[in-house]
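So the chains spell out like this:
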Amino acid sequence: LRLLALDGIESLEVAVRVAVAYHLGKIDVEAHLKPALLDPLFVKGTKNHPPGKPTPYEIWKERFEKACSESKEAFVKHHRATYGGRMPLWVAIELWDYGLLSRFFGGLQRRDQAKIGQAFGNLDGEVMASWLRMLNFVRNVAAHHSRLWNRVLADPPKMPSVERCRHLEILHRNRPIVENKLFTALTCLRYLLRQIDPKSTWHLQVAELIESFPKTDLLSPRSAGFVDGWQESSLWRPEL
């Protein structure tokens with residue numbers, strides 16, 4: 001299941017990277033280096049931000065600069081030699097791992113988040129940012145070979161209304177039970193992947209794995225939030 005989660009998140013990462021680079025690149029070629037284009041809370045911190053403590057953007061930029069300095073990629077060497085290391089957004093973004101990408105998306109202005117979120121199933125920006133944070137947690141757990149199966153989500157995702165995203169009805173209907181469970185994370189990921197690649201069979205692989213779970217009174221898929229009848233919900237049915 002860890003490998004399937006990583007596979008799905010990798011596909012999402014590529015799609016979000018392209019969407020961010022395309023949208024912000026049209027506004028400014030170095031949008032990632034222009035604090036005025038980002039959310040003030042990301043750039044300056046909260047109203048009570050302790051003096052001298054790095055702001056979220058300063059922490060993000062330090063991690064980005066470290067990635068640049070440690071990179072041995074040919075395109076980075078080229079930009080060092082030719083442009084003093086400065087790179088347009090669509091080049092720089094290739095150095096971002098999923099954590100840098102999700103944090104940067106969370107630091108965008110709401111209008112830019114909303115514009116990008118529209119391409120991922122009509123999600124508003126706040127919901128999209130929440131989902132990316134949640135999936136960053138899932139990715140970190142899976143990448144470090146930690147227990148993922150019945151892990152409690154550290155930051156349960158925000159949900160769009162059923163009217164806006166009808167395919168998420170199963171999460172609304174079972175929210176008290178599944179809100180912080182792996183099933184919610186995988187369902188949100190399935191929703192996003194369906195927008196990216198309508199022909200994806202990722203959900204079929206997940207379903208096949210879950211259905212192969214041993215029959216035992218000690219543990220069941222329900223411990224990960226897989227409620228009865230989940231296979232018949234609109235996002236998980238084989239024909240979709």
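Shown above is the structure to which this text applies.
None of these values were measured; they are calculated from a predicted model. (Residues numbered from 1 in each chain as written. Predicted model: local features only at pLDDT ≥ 70, side-chain atom pairs only at ≥ 80, totals over all residues. Heavy atoms only, no water.)

Visitor: Looking at this structure, how should I read the pattern of salt bridges?
Guide: Where charged atoms from two side chains of opposite charge approach closely, those side chains can pair. Tallied over the entire structure, the rule returns ten salt bridges. Salt-bridge contacts for R86 lead to E30; the nearest nitrogen and oxygen are separated by 2.6 Å. Taken together, the positions of R86 in the loop between α4 (74-83) and α5 (89-92) and E30 in the loop between α1 (2-27) and α2 (40-44) put the pair 56 residues apart, joining distant regions of the chain. The class for R86 is partly exposed, based on a relative accessible area of 48%. Because the salt bridges share partners, they merge into one network encompassing E13, R17 and E94. (Salt bridge = Lys/Arg side-chain N within 4 Å of Asp/Glu carboxyl O. Helix = DSSP H or I, 4+ residues; strand = E, 2+ residues; numbered from the N terminus. Buried < 20%, exposed > 50% of the residue type's maximum accessible area, 1.4 Å probe, protein only.)

Visitor: Please explain unusual backbone geometry as it appears in this structure.
Guide: Note: most residues except glycine have negative phi, and most peptide bonds are trans. Unusually for a residue other than glycine, N122 sits at a positive phi of about 60°. Position of N122 among the secondary structure elements: in the loop between α7 (110-117) and α8 (125-143). Phi is positive for H145, which is not a glycine, with a value near 55°. Looking at the element boundaries, H145 is found in the loop between α8 and α9 (169-173). Here H145 falls in the exposed class, since its relative accessible area comes to 62%.

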